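Each chain, written out:
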2 protein chains.
Amino acid sequence: MSNQIEESQQQSPDSTENHQCNDDGDFVDPWTVTSSSQSGPDYDKLIARFGSARVTDDLLKRFESALPAGTKLHHFLRRGIFFSHRDLEPILNKIEKGEKFFLYTGRGPSSASLHVGHLIPFIFTKWLQDTFDVPLVIQLTDDEKFLWRGLKIEEVKKHALENIKDIIACGFDVKKTFIFTDTDYISKSRAFYENILKIQRLVTFNQVKGIFGFGDSDCIGKIAFPAIQAAPSFSTSFPQIFGTGSKCQLCLIPCAIDQDPYFRMTRDVAPKLKYPKPSLLHSTFLPALGGAMSKMSASDANNSIFLTDTANQIKNKINKYAFSGGGGSVEEHREKGGNCDVDVSYQYLRYFLDDDDHLEQIRCDYSSGKMLTGEIKKEIITVLQELVAKHQQARKEITTEIVEQFMTPRELNFVNTSTTTTTTK
Amino acid sequence: MSNQIEESQQQSPDSTENHQCNDDGDFVDPWTVTSSSQSGPDYDKLIARFGSARVTDDLLKRFESALPAGTKLHHFLRRGIFFSHRDLEPILNKIEKGEKFFLYTGRGPSSASLHVGHLIPFIFTKWLQDTFDVPLVIQLTDDEKFLWRGLKIEEVKKHALENIKDIIACGFDVKKTFIFTDTDYISKSRAFYENILKIQRLVTFNQVKGIFGFGDSDCIGKIAFPAIQAAPSFSTSFPQIFGTGSKCQLCLIPCAIDQDPYFRMTRDVAPKLKYPKPSLLHSTFLPALGGAMSKMSASDANNSIFLTDTANQIKNKINKYAFSGGGGSVEEHREKGGNCDVDVSYQYLRYFLDDDDHLEQIRCDYSSGKMLTGEIKKEIITVLQELVAKHQQARKEITTEIVEQFMTPRELNFVNTSTTTTTTK
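From a predicted model like this one, the values you see are computed outputs, not experimental measurements.

Peer 1: Describe in detail the overall build of chain A, supporting the description with residues and values.
Peer 2: On a plain count of helices and strands, chain A comes out with 21 helices and 13 strands. For a compact globule of 425 residues, the expected C-alpha radius of gyration is about 22 Å, and chain A comes in at 21 Å, within 12% of that figure. The principal-axis extent of the C-alpha atoms belonging to chain A is close to 70 × 55 × 45 Å. Expressed as a percentage of the 425 residues in chain A, the buried residues total 59%. The contacts of chain A with a sequence gap of at least 6 include a subset with a gap of at least 24, amounting to 78%.

Peer 1: With reference to specific residues and values, describe the relation of the copies chain A and chain B.
Peer 2: Overlaying chain A on chain B yields an RMSD of 0.0 Å, the required transformation being a rotation through 180° with an accompanying axial translation of 0.0 Å. In symmetry terms, the pair is related by a two-fold rotation axis. Of every C-alpha in chain A, the one belonging to Ser187 of chain A sits nearest the axis of rotation, 2.0 Å from it. Most of the interface of chain A is mirrored in chain B: 100% of its interface residues are interface residues there too.

Peer 1: Pulling in residues and values, what's your account of the packing of helix H3 (residues 57–65) of chain A against helix H5 (residues 88–97) of chain A?
Peer 2: All names here are of chain A. Between H3 and H5, the least distance of the axes is 10 Å, while the angle of their chain directions is 20°. Taken together, the axes of H3 and H5 are roughly parallel relative to one another. Two packed elements cross with a definite hand, and for H3 against H5 that hand is left-handed. From H3, Leu59, Arg62 and Phe63 reach across to H5, where they touch Leu88, Glu89, Leu92, Asn93 and Glu96. A per-class count over the contact of H3 with H5 returns four nonpolar, one polar and three charged.

Peer 1: Which residues make up the interface of chain A and chain B, and what values go with them?
Peer 2: Counting residues at the interface gives 41 residues for chain A and 41 residues for chain B. A per-residue breakdown of the area chain A buries against chain B is headed by Arg190, Arg201 and Ile220 of chain A, which together make up 23% of the total. The interface formed by chain A and chain B holds six salt bridges in total. Asp184 of chain B is the partner of Arg190 of chain A in a salt bridge, and the nearest nitrogen-oxygen pair spans 3.0 Å. Between the two partners, chain A and chain B, sit 28 residue pairs in polar contact (both at pLDDT 80 or more). Listing elements by their share of the side of chain A that touches chain B, those giving two or more residues are helix H7 (142–148), helix H8 (153–168), helix H9 (182–186), helix H10 (190–202), helix H11 (205–212), helix H12 (220–224) and helix H13 (226–230) of chain A. Top contributing element to the side of chain A that touches chain B by residue count: H10 of chain A, with seven residues.

Peer 1: Outline helix H6 (residues 116–132) of chain B, listing residues and values.
Peer 2: All names here are of chain B. Between its terminal C-alpha atoms H6 stretches 25 Å, which fits the 24 Å expected from 17 residues at 1.5 Å a residue. The element H6 is largely enclosed, with a buried count of 14 among its 17 residues. Following H6 by one or two positions, Asp133 adopts a phi angle in the positive range, close to 55°.

Peer 1: Provide a residue-level description of the pairing of strand S6 (residues 136–140) of chain B, including the pertinent values.
Peer 2: Across a regular strand the side chains alternate sides, sitting on one face of the sheet and then on the other. Residue and element names in this part refer to chain B. A large share of S6 lies buried, amounting to five of its five residues. What you see with S6 is no split at all: Leu136, Ile138 and Leu140 on one side and Val137 and Gln139 on the other are buried throughout. Where strand S5 (residues 102–107) meets S6, five bridges bridge the pair, whose relative direction is parallel. From the neighbouring strand, Gly106 faces S6, where its bridge partner is Gln139. The handedness of the S5 to S6 crossover, carried by H6, is right-handed.

What counts and what doesn't
- Residues numbered from 1 in each chain as written.
- Chains lettered and ligands numbered in written order.
- Predicted model: local features only at pLDDT ≥ 70, side-chain atom pairs only at ≥ 80, totals over all residues.
- Heavy atoms only, no water.
- Helix = DSSP H or I, 4+ residues; strand = E, 2+ residues; numbered from the N terminus.
- Rg over C-alpha atoms; globule rule 2.2 N^0.38 Å.
- Buried < 20%, exposed > 50% of the residue type's maximum accessible area, 1.4 Å probe, protein only.
- Contact = heavy atoms within 4.5 Å.
- Least-squares fit on C-alpha atoms with pLDDT ≥ 70 in both.
- Axes fitted to C-alpha atoms, helices over the stretch in contact; angles between N-to-C directions.
- Parallel < 35°, antiparallel > 145°, perpendicular 65-115°, else oblique.
- Left-handed = near helix turned anticlockwise from the far one by under 90°.
- Nonpolar A, V, L, I, M, F, W, Y, C, P; charged D, E, K, R; others polar.
- Buried area = accessible area lost by both parts, 1.4 Å probe.
- Salt bridge = Lys/Arg side-chain N within 4 Å of Asp/Glu carboxyl O.
- Polar contact = N/O pair within 3.5 Å; in protein donor to acceptor, adjacent residues only side chain to side chain.
- Expected span 1.5 Å × (residues − 1).
- Pairing = 2+ DSSP bridges.
- Right-handed = clockwise from strand over helix to strand, strands pointing away.

By themselves, these are just geometric observations and shouldn't be taken as functional.
Below, the structure written as structure tokens:
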């Protein structure tokens, strides 16, 4: 592990400077994402500012050859939706050697309803779990949402439970997945609280001021919170899963890039704790219906497609609100073609239409003007209606008992793919 | 309860200003107590600066008449050792009406060995518990000592367990007492963590900067910690003791006055949480052997009498190190007499010799020069040898099972003194 830490230090130096990057009209931090450009944030500049690395074609090739036979690279990787990373190489080393690692992702339960943008990390994480047969921990930061929003603690806890049902409905394997809310797991696990304390001792107010932009008038709960999102990056926070006193396992965190500040901080403290730095795979933001100047947000109903929306609501929202890259008139559109870079329907198709050939056909037809705005909207309406209906069907099956199973700290079963030996620990 | 909050607001306004008071050569905060005067800090000025209230003779008279028949006011009260308070009146109201309240005190487990100064709050708290038959919670802030000192988490946990044995040896009733370490109880009790979060949301960095003198280079763990010492002031942190969803009980906190900043902060947030403000009784500091310019400290062996010291060590330390208020020579002493205000042996007798007549005799004889330094030292040596021997005997009986009993969150049994009705809840 120590070699790998050094390696990671060489590759992508982390720092505790403020990278919120509010020049160029793009602003990205864990609470706010805005862009002055209709095509969304400049992700190359984000990579440069955050100090992460581009997921290159070479890396994708290596990733692809590490896949089990018959498995295709997920379209989120093929299409640059998970576009940035930190230390993906050590994870690929593990995969190639048939060694273990674990996945960690999460959700801040600010509302009871998820929108389709919230599915991105979960869809991708499920694919990683299925493909590599690895354990997964999912954190619901109910304490964070309590601290940041004016909500009652009972409200965030209720939101978290609703969100967990949606997350489970994504199809995670209960034998390999532990889902927890902070208020529940902190009050169950001494190991977790002790890791939080260890991180809190290593991070100063100056550092969180730099990383997160906290100020003197912020409450002390916010100031200390980043340690709570950091702690699940270390497998020692989960003795029931990984064994008491066991070596800290390597962690891969799939998340939207706005969460990177937490893990820059985590990677800074990891060597001081003699823990491996977590690796990251960062996604872009799903644009709001109104366009990529903001990401989809649960607080703006007409700018988002919710997992609770009816087929009719989806149709109406897309038709009414989805920003179009098409021409001002049919004639103009036929002549000049549509702009896929800013067209929200096309952008959503990139996220949710798995069929590459179909997507490419749409791109050609829309760019050339052969396909009209109403037609591309019809394509994404169909895709989203199917996605949401399938999700709603799956969610219906999620009982309180199933939620409790996922939320019980316990030994997980995972099979090491390369050796097919059961390596429960 | 709301009446009482308003009442307390009128009586002793709390504030979040910095009252560490480093003018006049006295410095008092939860981590450092020093004075430029041989007789110790100017406690009247401390009261004025902290905004607390003097324990007046009138208040003591009221306290005395509230005592059960046959009970005498504790000599810590009679002699002004618990000299300052915040809102003692609402507690006396409760006592007079035969209503419930609870006690909360604590210890920061910075070392495995306690000195006799550490006993002060525990001796007094035990008297309060015995006299008023009320439940008591005792907090061991192992997380605080982990965050402040360069100690490993295992070390502070070990210290805490040793300290708990000493605390139990003070004679607390297991049926009425819950003792906990933060790392243990936070990872057991969701109610406690939720109260911590509620407090953390209401306190800004600016406020803890003002109250505790924290700076930008302090770690985020320190900055958030005050909420953890505040939370046990609210009975809702202990649903197993006080019942789930029960009304927040009134709390009395006996502690040395250096801990007041934590509870000033607590009292500021209490009304916002609709909880009653905790009441406080503040003690003076037991002087170090070298004199009252510093308080007894576990980190300076020759300046302290430890609970592990042998009779011989006690004798030698007092004879060698106890600062004397006597004359420079026997002749000078006989002529001018000794100065009890600075004489450490006399000061210790004030704390540890219960017999008022005997103490007064010593004071007269020593002040007049009739009693020599060697003789007053002999008096305190005998008292401390007995105290420590008795403590060591009691501590021998404290098994791991007894510790576990005290540390189990559970229903406590307490009898309401005025009605002698069992009011377990």
